[in-house]
Amino acid sequence: MSRLPFRSRIKRGIALALAAALATLVLAEVGARIVMRAKGRPHSAWRTAQVNANTRHWLANSQDRGPTLAGKEADTSAVVPGQVLSPFVGVDQSWSMDGYVEMLNWFGTEVGAEWYDVLVLGGSVAGQLAANGETIEQELAGDPRLQGRRVRVHNQARGGFKAPQTSILAGLLFELGWQPDVVLLVDGFNEVAIGNSNRANGTHPLYPSLGHWASLISRSSADPEDLALRVEMVLQARKATGLLDTALKLRLHYSALASQLVEGLLRRSKGRYAQAAQRLTERNTDETEELAAVRGPPPPTDCAAGLAFITKIWAESSVNLAAMCRARGVPFVHVLQPTLYDEGSKPITRQELDTGPISEHWKEGVVLGYPLLREAGRQL
């Protein structure tokens, strides 16, 4: 039996290697989809593309201005690009404010009336739920009461928002002329976590998150190490933005395997961004006249008293929002947000345990405050 010529053997070997690699990728793709479906979150190319686009928008805004952070506790959630002072809710996001009046061209029109409008309020988790609007849309699509109307989700949740910011924002939107068909509020975590952190750091829990709005009025530092940390934040944001640009351009969201690889690389860049932001926060701890002015009245020094007050604010804010909705004939749904440190509220993965550590005062607020929120919720 004669052997193939050398060149033919090389070509055959390359072809077999490529076929084996392709078969491996196909098997890996199928395996990834099976695992994701088994975990209850099947891959969705549309949802992945939406999340990547929203994340890219967030990262692009993070390069517009380097946040000057202040506060006595490392609080990475305070790094909110595009954040501006607001006369109504303390702080807001510049791109979210653009929609306040623009949406009036939607509500009350013949086209808008054909849709079922869901207004979502709350903190960052509520914002992620609204950004992945496919979940809400699928949940409502088969409800006969909608009479075939398409669903549109309006994301008015904000990272770091807590009662009473949510009810104040809802009042502002109603007064501007917004006409949602239902209001969904997902909250609870920020109230007890950020509220308790405010209290422990000498800021009244009624006030907005100190880490979010104190950064807008505190004096910036030209210290070389501060500048180095800001540069690191910008570099990691650009790296993540470039990754997302490539992923969206190559349509990698259609692949479950590629989407997970992109998510892993993105998580690493965002983690380094957060580490630099946390160190910057820790370095900016000096009390200033501006910072003292936004602490509000003296907060309760006792944790139990502080959480009882926080729970009262949360409940009264819910009552106010329910009344505003009822006066306009709008159904109101209030959901207590599941969280990692409220034992039994949700399944916990190893990844969450590795990437989800929070500060001492946040954890204290959740562990001691969530039972109070649940009891207040039953009374509501």
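Below is a summary of the structure that appears in this document.

**Description of the overall build of the protein chain**
Next up, step 1: Of the regular secondary structure elements, the protein chain holds 16 helices and 6 strands.
Next up, step 2: The buried share among the 380 residues of the protein chain stands at 44%.
Next up, step 3: Considering only contacts within the protein chain whose residues lie at least 6 apart along the sequence, 81% involve residues at least 24 apart.
Next up, step 4: A total accessible area of about 20100 Å² is found for the protein chain, and carbon and sulfur atoms account for 57% of it.

**Focus: the packing of aromatic side chains**
The description of an aromatic ring pair uses the distance of the two centres, along with the angle that the planes make with each other.
Next up, step 1: Tallying each qualifying case throughout the model produces 3 aromatic pairs.
Next up, step 2: Ring geometry for F107 against W178: centres 5.2 Å apart, planes inclined by 40 degrees, an arrangement best described as tilted. Of this pair, F107 sits in the loop between helix 4 (99-102) and helix 5 (110-113) while W178 sits in the loop between helix 8 (165-176) and strand 5 (182-187), placing them 71 residues apart in sequence.
Next up, step 3: The exposure class assigned to F107 is buried, which follows from its relative accessible area of 7%.
Next up, step 4: By relative accessible area, which is 4% here, W178 ends up buried.
Next up, step 5: With a centroid separation of 5.7 Å and an interplanar angle of 75 degrees, the aromatic rings of F189 and W362 are classed as edge-to-face.

**Examining helix 6 (residues 124-131)**
Next up, step 1: Taken as a whole, helix 6 has its buried residues at A126, G127 and A130. The buried residues of helix 6 occupy one face: seen down the axis, they fall within an arc of 105 degrees.
Next up, step 2: For helix 6, the secondary structure elements touched by its buried residues are strand 3 (115-122), strand 4 (150-155) and strand 5.

**Thoughts on the pairing of strand 5**
Look at any regular strand and the pattern is simple: side chains alternate between the two faces of the sheet.
Next up, step 1: The buried count for strand 5 comes to 6 of 6 residues, which makes it a mostly enclosed element.
Next up, step 2: Taking every second residue as pointing to the same face, both faces of strand 5 are buried, with V182, L184 and V186 on one and V183, L185 and D187 on the other.
Next up, step 3: Pairing analysis gives 5 bridges linking strand 5 to strand 6 (residues 332-336), with the strands arranged parallel. Bridge pairing in strand 6 links L185 to H334.

**Here's the deal with the layout of surface pockets**
Next up, step 1: For the second largest pocket, the calculated volume is near 240 Å³.
Next up, step 2: Contributions of two or more residues to the lining of the second largest pocket are made by strand 3, helix 7 (134-141) and strand 5.
Next up, step 3: Residue composition of the lining of the second largest pocket, by class: 8 nonpolar, 1 polar and 1 charged.

**Some details on a nonpolar patch on the surface**
Next up, step 1: Together, L22, V26, V30 and I34 give the surface a local cluster of nonpolar side chains, amounting to about 360 Å² of exposed area.
Next up, step 2: Mapped onto the fold, V26 is located in helix 1 (residues 6-38).

Thresholds applied
- Residues numbered from 1 in each chain as written.
- Predicted model: local features only at pLDDT ≥ 70, side-chain atom pairs only at ≥ 80, totals over all residues.
- Heavy atoms only, no water.
- Helix = DSSP H or I, 4+ residues; strand = E, 2+ residues; numbered from the N terminus.
- Buried < 20%, exposed > 50% of the residue type's maximum accessible area, 1.4 Å probe, protein only.
- Contact = heavy atoms within 4.5 Å.
- Areas by Shrake-Rupley, 256 points an atom, 1.4 Å probe, with all protein chains shown as cover.
- Phe/Tyr/Trp six-rings, centres within 6.5 Å; stacked < 30°, edge-to-face > 60°.
- Arc of directions from axis to C-beta.
- Pairing = 2+ DSSP bridges.
- 1 Å grid on protein atoms, 1.4 Å probe; cavity = no way out; pocket = protein on both sides within 12 Å on 5 of 7 lines; lining within 4 Å.
- Points joined across faces, edges and corners; volume = space filled by probe spheres on them.
- Nonpolar A, V, L, I, M, F, W, Y, C, P; charged D, E, K, R; others polar.
- Patch = residues over 30% accessible without salt bridge, like charges linked within 9 Å, V, L, I, M, F, W, Y side chains within 5 Å.
- Salt bridge = Lys/Arg side-chain N within 4 Å of Asp/Glu carboxyl O.

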